[in-house]
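Structural description and commentary
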Amino acid sequence: MTTLLLHGLGADRRQPLDLFGPVLTTPGERIVAVDVRAHGANELIGRAEDFAIDRLAQEVADTVTVADASGEASTDPVTVIGISMGAAIAMRIALRGLLPVERAVFVRPAFDDQSLPPNLRVFPVIGQLLHEAGAAGAAEFREGARYQAIARESPSGAKGLLAQFTSLRAAERAIRLVEVPRNRAFADDAELAGLGARGIRSLVVAAPRDPVHPFELGERWAGALGAPLERLPARDDGLPVYTAHLRESVAAWLAATR
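These lines cover the structure that appears in this document, whether it is placed above or below.

**Some points on the overall build of the chain**
Within the chain, the regular secondary structure consists of eleven helices and six strands. The globule rule puts the C-alpha radius of gyration for 258 residues at 18 Å, and the 17 Å found for the chain is close to it. Referenced to the eigenvectors of the C-alpha coordinate spread, the extents of the chain come out at roughly 50 × 40 × 35 Å. A separation threshold of at least 6 residues defines the contact pool for the chain, and within that pool the share at least 24 residues apart is 76%. Entry remark: accessible area of the chain is about 11,000 Å², with carbon and sulfur atoms responsible for 52%. Counting 28 positive and 32 negative side-chain charges, the chain places the averaged centre of each group 2 Å from the other.

Right under this line is the structure:
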């Protein structure tokens, strides 16, 4: 069994490893955590078209196949756990059959069937400010209406957006914030429904009061997939409690579906 971990926009492979590493303890399990293009140690940047979600999904799938080191495509069943952008990439991998996905955990979905949905429109703003002013653009962003509205609903969500300005090589990689949110995770709810019909078991995890990852979107994913929805406490009610609940709920579902 291979477990593939996929991080969110602007993060890197350490994000899912830190979250889920402590509960991925099955003997013989191969853990693969990748840095998506223009994230972490992945030096690739490229052009706008390189950030199409299907291209990112193919690059991730190719990385997992290479990591198998067998010289042949692996037929081992894959469990994929993706956070936000990682959930969208995981969805494309599963829908397109790029890997032999058996189980999928979609944590805090942010993408749907629209290009640049309202909850993601803040990212191109950050990307443009990074392009124009680098990390100093954070001051202008903090004064803007988009940031203020998010901060009123979720201080932790606003803090996460500010972290985009100080992430590794943020200005050089600003294109990722402009282009990735233009992607769709799926064509429509019927496409999502097809995942379960193919025997892929899935879990959706979402939390209230998260403007970038609306709980209602998690409900939509779960409903269309015919999958259970795990409701976490809001991050602003305490990060340790949120993290513990996330780990415990994912670990319990993985154990139950083993």
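**As for the side chain of Asp 12**
If you trace the backbone, Asp 12 turns up in the loop between strand E1 (2-6) and helix H1 (14-20). Exposure remark for Asp 12: the relative accessible area of 14% places this residue in the buried category. Ignoring any residue separated from it by four or fewer positions in sequence, one finds Asp 12 in contact with His 7, Asp 35 and Gly 40.

**Some words on the pairing of strand E4 (residues 101-107)**
Consecutive residues of a regular strand have side chains that alternate between opposite faces of the sheet. Taken across its seven residues, E4 has six buried, putting it largely inside the fold. Where strand E3 (residues 78-83) and E4 come together, six bridges link them in parallel fashion. Bridge assignment links Ile 83 to a residue of E4, and that residue is Val 107. Once you follow E3 into helix H3 (residues 85-96) and on to E4, the crossover reads as right-handed.

**Focus on the nonpolar core**
Core analysis: the largest hydrophobic core is formed by 63 residues, its most contacted members being Leu 4, Ile 89 and Phe 106. If you tally residues by element for this core, the top one is H3, at nine residues. Other than its neighbours up to four places away in sequence, Leu 4 contacts Val 32, Val 34, Val 60, Val 64, Val 78, Thr 79, Val 80, Ile 81, Ile 93 and Leu 99. Core analysis: the second largest hydrophobic core is formed by 18 residues, Phe 20, Leu 203, Ala 207 and Leu 232 among them.

**Brief notes about the packing of helix H9 (residues 189-197) against helix H10 (residues 215-225)**
Where H9 contacts H10, the two axes come as close as 7 Å, and the packing angle between them is 55 degrees. Relative to H10, the element H9 is oriented oblique. Two secondary-structure elements touch here, H9 through Asp 189, Leu 192, Ala 193 and Leu 195 and H10 through Arg 220, Trp 221, Ala 224 and Leu 225. Per-class residue counts for the contact of H9 with H10 are six nonpolar, no polar and two charged.

**Side note on the pattern of salt bridges**
Scanning all chains against the criterion turns up 16 salt bridges. Its salt-bridge partner being Arg 182, residue Glu 179 comes within 3.6 Å of it at the nearest N-O pair. For Arg 182, a relative accessible area of 38% corresponds to the partly exposed category. When the shortest N-O distance is used, the salt bridge between Asp 189 and Arg 220 registers 2.8 Å. With a gap of 31 residues between them, Asp 189 in helix H9 and Arg 220 in helix H10 connect regions that are remote in the sequence. With relative accessibility at 33%, the residue Asp 189 sits in the partly exposed group. Via salt bridges that share partners, Asp 54, Arg 92, Arg 96 and Glu 191 belong to a single interconnected network.

**Examining the sheet that holds strand E6 (residues 229-231)**
What links the strands of a sheet is backbone hydrogen bonding, and the strands pair in either a parallel or an antiparallel sense. The strand order E2-E1-E3-E4-E5-E6 describes an open sheet built from six strands, whose pairing is parallel. Edge strands, defined here as strands with exactly one partner in the open sheet, are strand E2 (30-33) and E6. Direction aside, the axes of adjacent strands within the sheet are offset by 15 degrees on average.

**Overview of helix H11 (residues 239-256)**
Spanning 18 residues, H11 covers 26 Å between terminal C-alpha atoms, matching the ideal 26 Å at 1.5 Å per step. Of the residues making up H11, those classed as buried are Tyr 242, Thr 243, Leu 246, Ser 249, Val 250, Trp 253 and Leu 254. Around the axis of H11, the buried residues are gathered within 140 degrees of arc, so they sit on the same side. Turned more than 90 degrees off the buried face of H11, the exposed positions are Pro 240, Val 241, Glu 248 and Ala 256. Check the buried side of H11 and you find it contacts H1, E3, E4, strand E5 (201-206) and E6.

Conventions and cut-offs
Position labels on residues start from 1 in each chain and follow its written sequence. Reporting of local features is limited, given that this is a predicted model, to residues whose pLDDT is at least 70; pairs of side-chain atoms are given and counted only at 80 or more, and all residues count toward the totals for whole chains, interfaces and linings. Excluded from the side-chain calculation are hydrogens and water; included are all heavy atoms of the structure. Elements are defined by DSSP. Helices are runs of H or I of four residues or more, strands are runs of E of two residues or more, and each kind is numbered from the N terminus. Only C-alpha atoms enter the radius of gyration, while the globule expectation follows 2.2 Å times N to the 0.38, with N the number of residues. Contacts were defined at the residue level, with two residues in contact if any of their heavy atoms lie within 4.5 Å. In this description, accessible areas are obtained by the Shrake-Rupley approach with a 1.4 Å probe, and a residue is regarded as covered only by the protein chains that are shown. Charge counting follows a simple rule: Lys and Arg are positive, Asp and Glu are negative, and His as well as the terminal groups are ignored. A charged residue contributes its charge at one atom only: NZ of Lys, CZ of Arg, CG of Asp or CD of Glu. Under the scheme applied here, a residue whose accessible area is under 20% of the maximum for its type counts as buried, over 50% as exposed, and between as partly exposed, the area being computed with a 1.4 Å probe on protein chains only. Here a strand pair is declared whenever DSSP counts at least two bridges between the two strands. Handedness is read with the strands pointing away from the viewer; a crossover is right-handed when the path from the first strand over the helix to the second is clockwise. Side-chain atoms within 4.5 Å link the members of a nonpolar core, which is a set of buried Ala, Val, Leu, Ile, Met, Phe, Trp, Tyr and Cys residues. Geometry is summarised by axes, namely lines fitted to C-alpha atoms with helices restricted to the contacting stretch, and by angles between N-to-C directions that run from 0 to 180 degrees. Angles below 35 degrees are treated as roughly parallel, those above 145 as roughly antiparallel, those between 65 and 115 as roughly perpendicular, and all remaining angles as oblique. Asp, Glu, Lys and Arg are counted as charged, while Ala, Val, Leu, Ile, Met, Phe, Trp, Tyr, Cys and Pro are counted as nonpolar; the rest, among them Gly, fall into the polar class. In what follows, salt bridge is the name for a side-chain nitrogen of Lys or Arg lying within 4 Å of a carboxyl oxygen of Asp or Glu. Here, expected helix span is obtained from the residue count minus one, scaled by 1.5 Å. Think of the arc as the fan of directions from the helix axis to the C-beta atoms.

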